[in-house]
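Residue-level structure breakdown
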Amino acid sequence: MHPDFLRELHHQRDREMRERAHQARLVRMIRSSRRRRDLPPDEELVIPAVPDFVDGSFRTEPAVDQVATEAGQEPVTRHAA
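Residues numbered from 1 in each chain as written. Predicted model: local features only at pLDDT ≥ 70, side-chain atom pairs only at ≥ 80, totals over all residues. Heavy atoms only, no water.

Overview of the overall build of the protein
Where we set the bar: Working definition: helices are DSSP H or I runs of at least four residues, strands are E runs of at least two. Numbering for both runs from the N terminus. Buried residues are those whose accessible area, probed at 1.4 Å on protein chains only, stays under 20% of the maximum for their type, while exposed residues exceed 50% and partly exposed ones sit between those limits. Accessible surface area values rest on a Shrake-Rupley calculation with a 1.4 Å probe, where residue burial reflects the displayed protein chains alone.
Counting secondary structure elements, the protein contains 2 helices and 0 strands. Every one of the 81 residues in the protein was classed for burial, and the buried ones make up 2%. When the accessible area of the protein is evaluated, it comes to approximately 8200 Å², of which 56% is carbon and sulfur surface.

Written out as structure tokens, the structure reads:
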């Protein structure tokens, strides 16, 4: 096999093994933090909502296409001029 192919395969395997080790380390950290807080093991982790906009606000009204569909109308298609 060509040396470059072997090198690339080695680097790919190295990246995959590092990613696995990182994930295992995260799992151990989460489990140990749960044990320290005395949480039951079946309790779900709560992931905070991600804001829709840069200023940290969330979309409060539905998009125009959703409003039109809910009203029984076809969504308006816009074409570039």
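Brief notes about the pattern of salt bridges
For clarity, the threshold we go by: For this analysis, a salt bridge means a side-chain nitrogen from Lys or Arg found within 4 Å of a carboxyl oxygen belonging to Asp or Glu.
For the coordinates displayed, the defined rule picks out 3 salt bridges. Put simply, Glu8 and Arg15 hold a salt bridge, and the shortest N to O gap is 3.6 Å. The partner of Arg18 in a salt bridge is Asp14, and the shortest N-O contact between them spans 3.2 Å. With Arg18 and Asp14 both in helix H1 (residues 3–37) and 4 residues apart, the pair spans about one turn of that helix. Under the relative-accessibility criterion, Asp14 is labelled partly exposed at 32%.

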